[in-house]
Amino acid sequence: MASKTSQNYPAWLGEAVFYQVYPQSFADSNGDGIGDLPGLIGKLDYLKSLGVSAIWLNPIFDSPMGDAGYDVRDFLKIAPRYGTNGDARRLFRQAHARGLRVVLDLVAGHTSVEHRWFKQSCRHTRNKYSDYYIWTPNVWTQTPKGRWISGYGERDGNFLTNFFWFQPALNYGYAKPDPARPWQQPVNAPGPRAVRRELHNIMKFWLDAGCDGFRVDMASSLVKEDADGSTIRQLWAEFRGWLERKYPQAVLIAEWCNPKQAIDAGFYVDFMIHSGEPAYNHLFGAWNRICGDAREPHVFFERAGGGDISLFLKNYMEHYQATRGKGFISLPTGNHDFPRLHRGRSNKELRVIHAMLLTMPGVPFIYYGDEIGMDYMENLPSREGSYCNRTGTRTPMQWTPGKNKGFSTAKARDLYLPVDNRRQSPNVDSQEKDPASHLNFVRTLLRLRREYPALGNTADFTPIYAEQGQYPFVYERSDGRRSRLAVAVNPRLKPCSIRLPKLQNAKPLLADGATVERGKLNMEGISFGLFLLE
Ligand code: GLC
Ligand code: CA
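Cut-offs and rules
Residues numbered from 1 in each chain as written. Chains lettered and ligands numbered in written order. Predicted model: local features only at pLDDT ≥ 70, side-chain atom pairs only at ≥ 80, totals over all residues. Heavy atoms only, no water. Helix = DSSP H or I, 4+ residues; strand = E, 2+ residues; numbered from the N terminus. Buried < 20%, exposed > 50% of the residue type's maximum accessible area, 1.4 Å probe, protein only. Contact = heavy atoms within 4.5 Å. Polar contact = N/O pair within 3.5 Å; in protein donor to acceptor, adjacent residues only side chain to side chain. Salt bridge = Lys/Arg side-chain N within 4 Å of Asp/Glu carboxyl O. Patch = residues over 30% accessible without salt bridge, like charges linked within 9 Å, V, L, I, M, F, W, Y side chains within 5 Å. Areas by Shrake-Rupley, 256 points an atom, 1.4 Å probe, with all protein chains shown as cover. Lys, Arg positive; Asp, Glu negative; His and termini not counted. Charge placed at Lys NZ, Arg CZ, Asp CG, Glu CD. Donors = N, O, S within 2.8 Å, 3.2 Å for Na, K, Ca; no water. Near = heavy atom within 4 Å. Domains from an automatic or database assignment. pLDDT = per-residue confidence, 0-100. Expected span 1.5 Å × (residues − 1). Buried area = accessible area lost by both parts, 1.4 Å probe.

## Examining the side chain of threonine 393
In step 1: Counting through the fold element by element, threonine 393 comes out in the loop between helix H12 (387–390) and helix H13 (428–432).
In step 2: By relative accessible area, threonine 393 is classed as buried at 0%.
In step 3: What threonine 393 contacts, discounting residues up to four positions off in sequence, is Asn335, His336, Phe338, Pro339, Arg340, Tyr367, Tyr368 and Tyr376.

Encoded structure:
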């Protein structure tokens, strides 16, 4: 595989396209109703045929699954329902044999209350693990902001939790500890230092087993009360330096949602999603809009229009310019925490969305099932802490038209989550046979991304038309030498036309509802076009 060159990241990232696998819902090999690693290994050829080059796996470590595996009980053991450590090594080998990389989800900031460290930390008598977590001196301590759990276990103290109550925060220390608050330890105190060593050991363990890096969960949250982020940056810079020396091909991907900060801190990739920096929100909506807050303004990808692409661009460019050449922004097609973008939108609208997301710079991430246009399933009860709008996005992958859509041979009631059996629901097998399917559309986009360096992760991005409150959005991609392309998207029902001198000699490469005549771009309602320039 490609070697590390002089740039600031492993060379393979410059061409990588990721596919996110939610392991429990992807492919069940033993009929227990839950996806597993042997199931995933059986689908590697499919992933290869899709045209992706790397996989990000949601957590696969031993866990009571209170938060679908984001509550880790043992970082060094694969959850038995997914297989064994041997299966994980086999996955890495089998993936590598096909030129695919595998990145694991590293929940660095917290563990499960069932983790051995936490059980020891809960003990009345002081021990090696007492300071692995953040504890007040007794349960009556008045604690300031943060979520504190009181009355758990025999230790007289409250512990700080990061997400759900059962995810106690590991103690990486406080940026500016207040001596009057003894639970605020400096980052170089023995507890935080020991925790950093543990994190180091976990990473080393899985890199030595053959994985290609990590997506770091809540990456900005490790050091507490670090207003300017300088202390957390130091922590990640250390890890980055170590990786560069020992594992120069391994990547660090952040869930930070602020690429400027994350890449400055040492990450190679960071996501823009429905939280954190607002760029993605202007395209698809912020978290509160998704959860039904009607006060949220219109977004760009909305049939009725009313969105404002210039707001997206303003924020995006700020991060793009600050991170170019150093790392990558990812605008994923979705992930396990948000409703699928297909929700409330037609197949045609989804094509326009993917035409944009898969032709932007940075590292694309395709969430499993988005490539066939899987839909969001409404009103499902929470499963393993999925709550709110996460459940309907985590339903089983749809492989065939047959029983359980080919996901599993289990009885329907034993499945991890119900399969989408609605009449129109898509599946891989049927779409393989249909040249006009969404699957083949995504394949084509990824093929063009490979064939035209101008569409690649590192090639230039320049807006051509992105006016306040106006449609369409048009941008140029160029690799400086070999090719220049323009991409135009009109997600609105209303057609639009615009004269753009840059498009004077544009030739269509892949378009649906968009044409150029003597420098005039004509776009039907809900349309897109990729054009070769010159
Ligand atoms: C991240 C994960 C999410 C999880 C949370 C707590 O945001 O993506 O699924 O619940 O962290 O670990
Ligand atoms: Ca299984």
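From this point, things continue past the structure.
## A word on the side chain of arginine 81
In step 1: Along the chain, the position of arginine 81 falls in the loop between strand E4 (74–78) and helix H3 (85–97).
In step 2: Of the polar contacts made by the side chain of arginine 81, one reaches the side chain of tyrosine 82; its length is 3.0 Å.
In step 3: Those residues in contact with arginine 81 that sit more than four places away from it in its chain are Gln24, Ile34, Gly35, Asp36, Met65, Glu384 and Tyr416.

## What to know about the pattern of salt bridges
In step 1: Under the defined criterion, the tally for this structure stands at 28 salt bridges.
In step 2: Close ionic contact of arginine 81 with glutamate 384 constitutes a salt bridge, the shortest N to O distance being 2.7 Å. With a gap of 303 residues between them, arginine 81 in the loop between E4 and H3 and glutamate 384 in the loop between strand E12 (365–367) and H12 connect regions that are remote in the sequence. As far as the burial class goes, arginine 81 and glutamate 384 line up, both buried.
In step 3: With a shortest N-O distance of 3.7 Å, glutamate 384 and arginine 383 are connected by a salt bridge.
In step 4: Of the residues examined, glutamate 384 reaches a relative accessible area of 14% and is grouped as buried.

## Considering a positive patch on the surface
In step 1: A cluster of basic side chains, namely Arg116, Lys128, Arg193 and Arg197, defines a positive patch on the protein surface.
In step 2: Topologically, arginine 197 is positioned in helix H5 (residues 190–209).
In step 3: Judged by its relative accessible area of 51%, arginine 197 falls in the exposed class.

## Structural notes on the coordination of the calcium ion (ligand 2)
In step 1: Here the calcium ion (ligand 2) is held by the protein donor atoms Asp28 (OD), Asn30 (OD1), Asp32 (OD), Ile34 (O) and Asp36 (OD), which lie 2.2 to 2.3 Å from it.
In step 2: Mapped onto the sequence, the donors of the calcium ion (ligand 2) take the spacing D-x1-N-x1-D-x1-I-x1-D.

## Some points on the site of ligand 1
In step 1: Looking at ligand 1, there are 13 residues lining it, with Asp67, Asp217, Glu255, His336 and Asp337 nearest.
In step 2: A distance of 3.0 Å separates an oxygen atom of ligand 1 from a polar atom in the side chain of histidine 110.
In step 3: Between ligand 1 and arginine 215, the relevant distance is 3.1 Å, taken from an oxygen atom to a side-chain nitrogen or oxygen of the residue.
In step 4: Coverage of ligand 1 by the protein chains reaches 96% of its 310 Å² of free accessible surface.
In step 5: Mapping the shell around ligand 1 onto the domain boundaries places at least three of its residues in each of domain 1 (11–108 + 192–450) and domain 2 (110–169).

## Things to note about the confidence of the model for the protein chain
In step 1: With 98% of its residues at a pLDDT of 70 or more, the protein chain shows a mean pLDDT of 95.
In step 2: Ignoring residues within four places in sequence, the model shows residues 1–6, a span with pLDDT below 50, making 14 contacts including any to other chains.

## Re helix H6 (residues 230–246)
In step 1: In a regular helix each residue adds 1.5 Å, so 17 residues correspond to 24 Å; H6 covers 25 Å between its end C-alpha atoms and thus fits that length.
In step 2: Burial in H6 covers these residues: Thr231, Ile232, Leu235, Trp236, Phe239, Arg240, Gly241, Trp242 and Leu243.
In step 3: Lining the buried residues of H6 we find H5, strand E8 (213–216) and strand E9 (251–254).

## A short note on the domain arrangement of the protein chain
In step 1: Considered domain by domain, the protein chain is made up of domain 1 (11–108 + 192–450), domain 2 (110–169) and domain 3 (460–532).
In step 2: Centre-to-centre separation of domain 1 and domain 2, based on C-alpha positions: 30 Å.
In step 3: Counting residues at the interface gives 23 residues for domain 1, matched by 18 residues for domain 2.
In step 4: Between domain 1 and domain 2 lies a buried interface of about 1,600 Å² when both sides are counted; carbon and sulfur atoms form 60% of it.
In step 5: Among the residues of domain 1 in contact with domain 2, Arg73, Glu198 and Lys224 are the three that bury the most area, contributing 29% of the side total.
In step 6: Linking domain 1 to domain 2 there are 1 salt bridge.
In step 7: The partner of glutamate 114 in a salt bridge is arginine 73, and the shortest N-O contact between them spans 2.6 Å.
In step 8: For the pair domain 1 and domain 2, the interface holds 8 residue pairs in polar contact (both at pLDDT 80 or more).
In step 9: Broken down by element, the residue count for the side of domain 1 that touches domain 2 peaks at 4 residues, all from H5.

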